[in-house]
Amino acid sequence: MRAPVDDAAARELAAEAVALRALTAGVRGLLGVRAPEMLGQAQLGDSRALVTDLLPGYQVEAAHLPAGPGAAASVGQALASVHALPGSVVRDEGLPVRTSEEIRSEASALLDRAEATGRVPATLLERWRGALATDDLWRFESTVILGGAAATSFLFEEITYHDDQTGPAVTGVLDWHGLSVGDAATDLRWLASAPEAADDVFAAYQDSAHRAPDGSLRIRARLYAELEFVQWLVHGSELHDEDVVDDAAALLDDLARSVRDDDLMPRESREPLDDAMAILDRMPSTAPAPAVDTSMQTDAYDPDELAALFDPTEQAGGASTVGVDTAPIDLVAWADARPAEPDDATEADPQADAAEAERASREALRRWAASE
């Protein structure tokens with residue numbers, strides 16, 4: 001039983017009641033995981049309390065969500081099942097439906113309000129304006145989303161797998177008050193605070209998604225995570241609460257320092273490189289492709305959690321997850337790492353010819369990259 005403590009909480013509970021009503025037995029059958037069932041509402045002073053059944057399971061904080069095929073993969077699969085629900089579930093109840101352009105416009109308007117406070121570092125404004133101006137980033141298919149997903153939205157239980165091994169899996173999903181049609185990346189922004197599990201959650205989500213692959217999903221999720229700092233600033237500004245404004249401004253300053261050498265969007269000069277790399281990828285290669293860290297390094301805007309992101313002592317193992325190296329690929333060094341050709345080849349060899357062709361292509365790419 002939950003009762004609101006303020007007007008914002010009252011609106012959230014009212015929205016959850018509508019969302020839970022939309023989850024009919026047929027819809028719940030599509031989910032594959034449990035969602036709370038509304039048992040009723042009761043008048044409580046000037047507001048209404050919401051009563052639901054109690055789902056079994058335990059919650060895991062984002063920072064403690066482990067990598068691997070168990071819990072992390074289960075989260076990705078659970079989110080994919082939510083996002084696979086038909087849009088009519090939302091539309092029939094009159095819940096919000098937003099297109100990609102509307103979502104983009106809302107983010108731009110939020111940034112305008114934040115900029116008006118004069119408390120957002122210029123480097124961050126440039127970073128985010130660049131993302132908002134990139135059309136390719138906003139070419140995505142809207143889908144049913146939770147809208148307010150967090151690590152604690154997922155309930156885990158120990159289950160037995162096909163090989164008789166036991167492990168945690170998501171069996172229930174909470175926090176339905178933001179049920180709407182929107183950007184799937186919204187439900188993945190909390191992975192900013194789950195550096196160990198993020199890759200596996202994204203991978204499982206993409207493998208289980210019922211839509212065309214979205215190559216910009218992680219970039220938008222990271223953008224939304226960073227914009228939570230802006231939400232906190234605008235919130236304080238609208239309340240005329242200087243303490244909140246100062247707190248948000250300090251967090252934004254820390255964020256600006258942490259992402260100083262980290263591009264949110266690929267540089268324009270990377271586009272011809274991508275074409276060249278695609279050609280080389282079709283050739284056999286003994287040189288491993290360099291790993292590029294695309295994990296998000298920011299969090300949703302709980303003030304305590306946001307502050308912890310910039311305190312290395314708060315991170316697991318005492319190591320900060322902010323500012324992970326995301327430097328562009330060094331093509332010259334990569335090309336130079338190719339295996340040396342034998343000097344004593346005396347007769348025609350198809351494999352040697354293929355290796356020579358690959359070497360020539362890589363050498364041409366090396367010279368081209370060095371000239372840029």
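For every chain, the first residue of the written sequence is number 1, and numbering continues from 1 onward in sequence order. Note on the predicted model: pLDDT of at least 70 is required for a residue's local features to be given, and 80 or more for side-chain atom pairs to be given and counted; whole-chain, interface and lining totals, by contrast, use all residues. Computation of side-chain values: all heavy atoms of the structure, hydrogens and water removed.

## Some points on the overall build of the protein
Note the following rule: Secondary structure elements follow DSSP: runs of H or I no shorter than four residues count as helices, runs of E no shorter than two count as strands, and numbering proceeds from the N terminus. Three labels apply to residues, based on accessible area from a 1.4 Å probe with only protein chains included: buried if under 20% of the type maximum, exposed if over 50%, partly exposed otherwise in between. Two residues form a contact once any of their heavy atoms are found within 4.5 Å. Only the protein chains shown count as cover for residues, and all accessible areas are computed by the Shrake-Rupley method using a 1.4 Å probe.
Regarding its fold elements, the protein presents 13 helices and six strands. For the protein, with 372 residues in total, the buried portion stands at 42%. The long-range share in the protein, meaning contacts at least 24 apart out of those at least 6 apart in sequence, stands at 73%. For the protein, the accessible area works out to roughly 19,300 Å², and carbon and sulfur atoms hold 51% of it.

## Looking at the side chain of T143
Its place among the elements puts T143 in strand β3 (residues 143-145). For T143, the residues in contact, after removing those within four places along its chain, are H83, S180, V181, G182, A184 and R211.

## Section: the pattern of salt bridges
Put simply, the rule reads: One side-chain nitrogen of Lys or Arg within 4 Å of one carboxyl oxygen of Asp or Glu is enough to make a salt bridge.
The tally for this structure, following the rule as stated, stands at 18 salt bridges. Put simply, D254 and R257 hold a salt bridge, and the shortest N to O gap is 2.2 Å. Placement of both D254 and R257 in helix α9 (residues 242-258) is noted, with a separation of three residues, approximately one turn of the helix. Taking relative accessible area as the criterion, D254 reaches 24% and is therefore assigned partly exposed. Each of R127, R222, E226 and D262 takes part in one network of salt bridges that share partners.

## Quick word on the pairing of strand β1 (residues 38-44)
Quick reminder of the rule: Strand pairing is defined by DSSP finding a minimum of two bridges between the two strands.
Where β1 lies against strand β2 (residues 47-52), six bridges are found, and the strand directions are antiparallel. Bridge assignment links G40 to a residue of β2, and that residue is V51. From the end of β1 to the start of β2, which pair antiparallel, there are two residues, and G45 there has a positive phi angle of about 65 degrees.

## Thoughts on helix α7 (residues 198-208)
Formally: Comment: arc refers to directions from the helix axis out to C-beta atoms.
Regarding α7, the residues found buried are A198, V201, F202, A204 and Y205. Buried residues of α7, seen end-on, are gathered within an arc of 165 degrees and therefore sit on one face of the element. Against α3 (71-83) and α8 (217-239) lie the buried residues of α7.

## A look at the environment of S108
As for its position among the elements, S108 is in helix α5 (residues 100-116). Sequence separation between S108 and L132 is 24 residues; the distance between their C-alpha atoms is 7.0 Å. Look past the residues within four positions of S108 in its chain and what remains in contact with it is R129 and L132.

## Concerning the pairing of strand β5 (residues 166-173)
Successive side chains on a regular strand alternate, one facing one side of the sheet and the next facing the other. Burial analysis of β5 places six of its eight residues in the buried class, the great majority of the element. With seven bridges connecting them, strand β4 (residues 154-160) and β5 associate as antiparallel partners. The residue of β5 that forms the bridge with F154 is V173.

## Observations concerning the packing of aromatic side chains
Using the following cut-off: Each Phe, Tyr or Trp ring, with Trp reduced to its six-membered ring, pairs with another whose centre is within 6.5 Å; inter-plane angles below 30 degrees give stacked pairs, above 60 give edge-to-face pairs, and intermediate values give tilted ones.
As enumerated under the stated definition, the model contains four aromatic pairs in all. Ring geometry for W138 and Y224: centres 6.4 Å apart, planes at 55 degrees, overall tilted. Here W138, found in the loop between α6 (122-132) and β3, pairs with Y224, found in helix α8; they are 86 residues apart in sequence, far enough to count as distant. As far as the burial class goes, W138 and Y224 line up, both buried. One aromatic cluster is present, built from ring pairs that chain together W138, F140 and Y224.

## Section: the side chain of E16
For the record, the criterion: Under this definition, polar contacts are N or O atom pairs within 3.5 Å; protein pairs additionally need one hydrogen-donor-capable and one acceptor-capable atom, and for neighbouring residues in sequence, both atoms have to be side-chain atoms.
Looking at the element boundaries, E16 is found in helix α1 (residues 7-22). The exposure class of E16 is buried, given its relative accessible area of 2%. A distance of 3.1 Å separates the side chain of E16 from the side chain of R2, its partner in a polar contact. Residues in contact with E16, not counting those within four places in the same chain, are R2, L50, D175, W176 and H177.

## Describing the nonpolar core
What counts here: In plain words, nonpolar cores are sets of buried Ala, Val, Leu, Ile, Met, Phe, Trp, Tyr and Cys residues tied together by side-chain atoms within 4.5 Å.
L65, W128, F154, W176, L188, W190 and V230 are the most contacted members of the largest nonpolar core, which totals 80 residues. For this core, the leading source of residues is α8, giving 11 residues.

## As for the confidence of the model for the protein
For any part of a model where pLDDT is low, the fine detail of the predicted coordinates should not be relied upon. So the rule is basically this: Values of pLDDT, the confidence the predictor places in each residue, fall between 0 and 100.
Per-residue confidence for the protein gives a mean pLDDT of 79, with 72% of residues at or over 70. Considering only residues more than four positions removed or in separate chains, one finds that residues 307-346, a stretch of pLDDT under 50, has 63 contacts. Here residues 364-372 is modelled with pLDDT under 50, and outside its nearest four sequence neighbours on either side it reaches 13 contacts, counting other chains as well.

## Looking at α5
Where we set the bar: The span one expects for a helix is its residue count, reduced by one, times 1.5 Å.
In a regular helix each residue adds 1.5 Å, so 17 residues correspond to 24 Å; α5 covers 25 Å between its end C-alpha atoms and thus fits that length. Three or more residues of α5 are buried, namely S100, I103, R104, A107, L110, L111 and A114. Down the axis of α5, the sector holding all buried residues measures 120 degrees, keeping them to one side. The elements touched by buried residues of α5 are α6, β6 (180-182) and α8.

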